[in-house]
Amino acid sequence: MDLPAPLPPPPPNRVRRLAGIAGGLVLLGAAIVVLRTPPEAGEEGPAPPPPAQTVVRQYAADGVVVPQPGSRPDPPAKVVAVVGLRRLQLWWGPNVASVPEPKGAAGYEVTWGRMGTAEYTRLVAEPSVQLDALDNNTPYDVEIRTIDSYGQRSQPAKTSATPQDPADNPPWSFNDRFMTRVVPDPLNWRFASTDDCGRATRGDGDDGSRLVISAQCGIEPVALRARPPLRLRDAPVNGELGRFVVETDHPGQRGELLLDLVPGPADLIAGSPNGAPPRGPAGLAVEDASLPPGAIRVRVAGSEATTEVQVVVAPGTPRLGKAVSTSPAPRAELGMAVRWEVVLRTDGVQVLRNGVVVGGGDVVPAWREATALVGFIGGTGGLYAGVSLVGFIGAPTAAPVLVVPPSIDSGRVVVAPDSLLTTFGPGERVPGTRGGQIRLTLVPQNGPDEPATDTFSVEVGGSLFPARPAVAGQPMVRNVRYPIVADVPPEALVYGPDGKTLVIRVRGPQYRQRAATRVISASVELIALEGAVSPAAGSGTDVPLPRGASSLPRPGAVLLDAAGNPVPEDAVLPSGRTVVEVFTDGRAGQLRTGRLASTAGVEVSLDGRRVAGIPTVVDGPGLGGRWRLALTTADLPPGRHSVEVKVLGTDPTTPFAVASVPFRIA
């Protein structure tokens, strides 16, 4: 690329005074030291908290009838195993195995190991499980037991299977199964998130054979960007120009998966700032004003009931294709990897889920080369997604030679155009490079009715360089991610005072009574010297952000009338007796953190007074369930009352879960 001459420096500005601020920090630190001083000898500190309850005793108050365990549940009738690279997928329900779940199942216990051993155990709510980090070409024996509402186990349903590399590999132009020593390999990938709220690393434990995307970003998307571009074929094969393939267990039943092809050097682009794009007829693309011109997005949104698949483009994208005939996407199985394929054709875009067309759009790419982004949106409980494959099919492609980039200090906000230069210093140049391209993602703050004509520049190494939109023609919209790039020569790539960080500042317009434009991500692509080759990947020390603690099943209750029909919440009941159906939702608990915690039992209270205890550990830790209790309400005064259900775990570190149902006595 042609590297520009630096812009002239701005006029000097007054130097900010920091001494008072530094003194304030020292005083604050001293205050913290004083507050943390331990008590003198003889003084009593705060009492330790009581130990967490992990045992539920069987109990029934006067006038309360509590159900008792019956016979043990039946085992799964049939188990279907699908082998993959270092993994097994197992189903024993109606979706794949075509058999009903055992009657009264609250969940399942899965044990597996080599040569008949039970090396590992997992509790699951649904009749399916994916086992990762296995050894290829090694037989594994699996036992699956049904668990009922009292912790009783069935006899095991047994199967054996051998993980192996699938033989039907397509003609990849690029693919990564994340089996290298360092995951993700920096030769192939960059990862971007808002203010570093996410990570892309190798999984740990039983996720160790996959790339794991972990984040605490709320609904902000994070993105894995491929360094090699996806290139379309010059001559289509059966109408196909190229294909973008991703195998992941996200979004499951929560969040979104975004498969983006962007005709420009972007690390991050927007989600939909005002919620999901509008819905349109099946098989046709919908428009989203936050997308860069020419970009093609496949949006996969998961929920407990359905999986929504859309092809999304920027407004004004020519509709040169035709509507695609699609099938509904099935509801996702928790924790089960799915292969998604974006097929770019001369007559439109098709979206395949495990080989079945479930989405499409009437658009044909106007570009021959694009940046591929795999985006992830989690939720309030965080994000923990496994990725086992990303690949392209199309024209030959390759990643540029890797020059390991330094970390970047971007300052987080755009500064005024005439502010004092702050990035020059005596630091050494970044070695082994002929220059580079700085890639930034901004969140502009121009007003909704103001023309978006802001221009930006990047200060690095004591010089200014012009910046431009990463995708030509992208509009600047308030609070919508806006990727920009700046090309810089090698003499500007100078380490900061710490000798390892590249300090940059972005300059742009400032508006009175308005927040500054944010810089939410920054990276640099360095240009290698002639004849250089990429270095071997490093040792890799990052670990995923911690997964949330295992979650208990979510409790609930409903009041029933004399005919056994549910009574609306806060309903008026006659004085006498009533039936309460108490239940737990294991799927909701497993969805929360990806791991289901075992239950010791449930306790039921009426107006804060314990009236029933039901243990769920007959044969071992339980998974909740469903029970009907008869309660007397004859002694309750008229007015408002409530039934409370509390689920307790067998692990003292697992927080209990509570739900309540209000009602009134006439």
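Residues numbered from 1 in each chain as written. Predicted model: local features only at pLDDT ≥ 70, side-chain atom pairs only at ≥ 80, totals over all residues. Heavy atoms only, no water.

A.B. asks: Any chance you could explain the side chain of Arg122 here in plain terms?
C.D. replies: Mapping Arg122 onto the fold places it in strand β5 (residues 120-124). A polar atom in the side chain of Arg122 sits 3.1 Å from the backbone oxygen of Gln130. Discounting residues that sit within four places of it in the chain, Arg122 has contacts with Tyr108, Glu109, Val110, Trp112, Val129, Gln130, Asp206 and Arg595. (Helix = DSSP H or I, 4+ residues; strand = E, 2+ residues; numbered from the N terminus. Polar contact = N/O pair within 3.5 Å; in protein donor to acceptor, adjacent residues only side chain to side chain. Contact = heavy atoms within 4.5 Å.)

A.B. asks: Help me understand the sheet that holds strand β34 (residues 572-573) in this model?
C.D. replies: In a beta sheet, neighbouring strands pair by backbone hydrogen bonds and run either parallel or antiparallel. Strands sit in the order β1-β37-β36-β39-β40-β34 across an open sheet of six strands; the sheet is mixed. With partners counted over all chains shown, the strands left at the sheet margins are β1 (59-60) and β34, one partner each. (Pairing = 2+ DSSP bridges.)

A.B. asks: How should I be thinking about helix α2 (residues 586-593) in this particular structure?
C.D. replies: Each full turn of the α-helix corresponds to 3.6 residues, which orients residues three or four apart in the same direction. Across the eight residues that make up α2, a large majority, six, are buried. Within α2, burial applies to Gly586, Ala588, Gly589, Gln590, Leu591 and Thr593. If you check the start of α2, you find a side-chain oxygen 3.1 Å away from the backbone N of Arg587, and it comes from Asp585. Downstream of α2 by a residue or two, Gly594 has a phi angle that is positive, lying close to 85°. (Buried < 20%, exposed > 50% of the residue type's maximum accessible area, 1.4 Å probe, protein only.)

A.B. asks: It is not clear to me how empty space enclosed by the protein should be interpreted in this structure. Could you clarify?
C.D. replies: Taking a probe equal in size to a water molecule and rolling it over the atoms shows the remaining empty space. Enumeration according to the criterion identifies two cavities of 30 Å³ or more in this entry. Roughly 550 Å³ of internal volume is contained in the largest cavity. What lines the largest cavity is a set of 37 residues, and nearest its centre among them are Asp249, Tyr384, Arg547, Thr593 and Gly594. Breaking the lining of the largest cavity down by element, the ones donating at least two residues are β5, β6 (128-131), β12 (211-215), β24 (383-393) and α2. Each residue belonging to the lining of the largest cavity can be placed in one class, and the counts come to twelve nonpolar, 15 polar and ten charged. Lining of the second largest cavity is provided by Pro221, Val222, Ala223, Leu258, Asp260, Leu268, Ile269, Arg297, Leu373, Val374, Gly375 and Arg481. Among the secondary structure elements, those contributing two or more residues to the lining of the second largest cavity are β13 (222-226), β16 (256-262) and β23 (369-377). When residues of the lining of the second largest cavity are assigned to their parent elements, the largest contribution, three residues, is made by β23. Its residues assigned to classes, the lining of the second largest cavity shows eight nonpolar, one polar and three charged. (1 Å grid on protein atoms, 1.4 Å probe; cavity = no way out; pocket = protein on both sides within 12 Å on 5 of 7 lines; lining within 4 Å. Points joined across faces, edges and corners; volume = space filled by probe spheres on them. Nonpolar A, V, L, I, M, F, W, Y, C, P; charged D, E, K, R; others polar.)

A.B. asks: Is there a simple way to explain the pairing of β16 in this structure?
C.D. replies: Burial within β16 is extensive, with seven of its seven residues counted as buried. Taken together, the six bridges between β16 and strand β18 (residues 296-302) define a ladder with antiparallel strand orientation. By the bridge assignment for β18, Leu258 is matched with Arg299. Relative to β23, β16 runs antiparallel, the two sharing seven bridges. Residue pairing for β23: Glu256 is matched across the bridge by Ile377.

A.B. asks: What should I look at first to understand the state of the cysteines in this one?
C.D. replies: Simply put, disulfide is the name for a covalent bond between the sulfur atoms of two cysteines. A full pass over the atoms with the stated rule returns one disulfide. Two residues share a disulfide in this structure: Cys197 and Cys217, whose sulfurs sit 1.9 Å from each other. Taking the torsion about the S-S bond as the criterion, the Cys197 to Cys217 disulfide, at about 110°, is right-handed. Taken together, the residues span a long stretch of sequence, with Cys197 in the loop between β10 (189-192) and β11 (198-202) and Cys217 in the loop between β12 and β13 at a distance of 20 residues. Judged by relative accessible area, Cys217 falls into the buried class, the value being 13%. (Disulfide = S-S within 2.5 Å.)

A.B. asks: Mind showing me how you'd approach the confidence of the model for the protein here?
C.D. replies: Caution is warranted with low-pLDDT regions, since their predicted coordinates should not be read in detail. In the predicted model, the protein carries a mean pLDDT of 88, and 89% of its residues have values of at least 70. Here residues 12-39 scores under 50 on pLDDT; set against residues more than four positions off or in separate chains, the count is five contacts. (pLDDT = per-residue confidence, 0-100.)

A.B. asks: I'm lost on the sheet that holds strand β7 (residues 140-147) in this one. Help?
C.D. replies: One open sheet holds the four strands; their spatial order is β5-β4-β7-β8, and the pairing between them is antiparallel. Only two strands of the sheet have a single partner each, and these edge strands are β5 and β8 (157-161). Each strand axis lies, on average, 20° off the axis of its neighbour in the sheet, ignoring direction. Pairing analysis gives five bridges linking β7 to β8, with the strands arranged antiparallel. (Axes fitted to C-alpha atoms, helices over the stretch in contact; angles between N-to-C directions.)

A.B. asks: I'm lost on unusual backbone geometry in this one. Help?
C.D. replies: Among all residues save glycine, negative phi is the norm, and among peptide bonds the norm is trans. Here the amide bond leading from Val183 into Pro184 is cis, since omega sits at -5°, within 30 degrees of zero. Among the secondary structure elements, Pro184 is positioned in the loop between β9 (174-176) and β10. In this model, His250 is joined to Pro251 through a cis peptide bond whose omega is 10°. Within the secondary structure, Pro251 is located in the loop between β15 (240-248) and β16. Backbone geometry at Asn137 places phi at a positive 60°, although glycine is not the residue there. Counting through the fold element by element, Asn137 comes out in the loop between β6 and β7.

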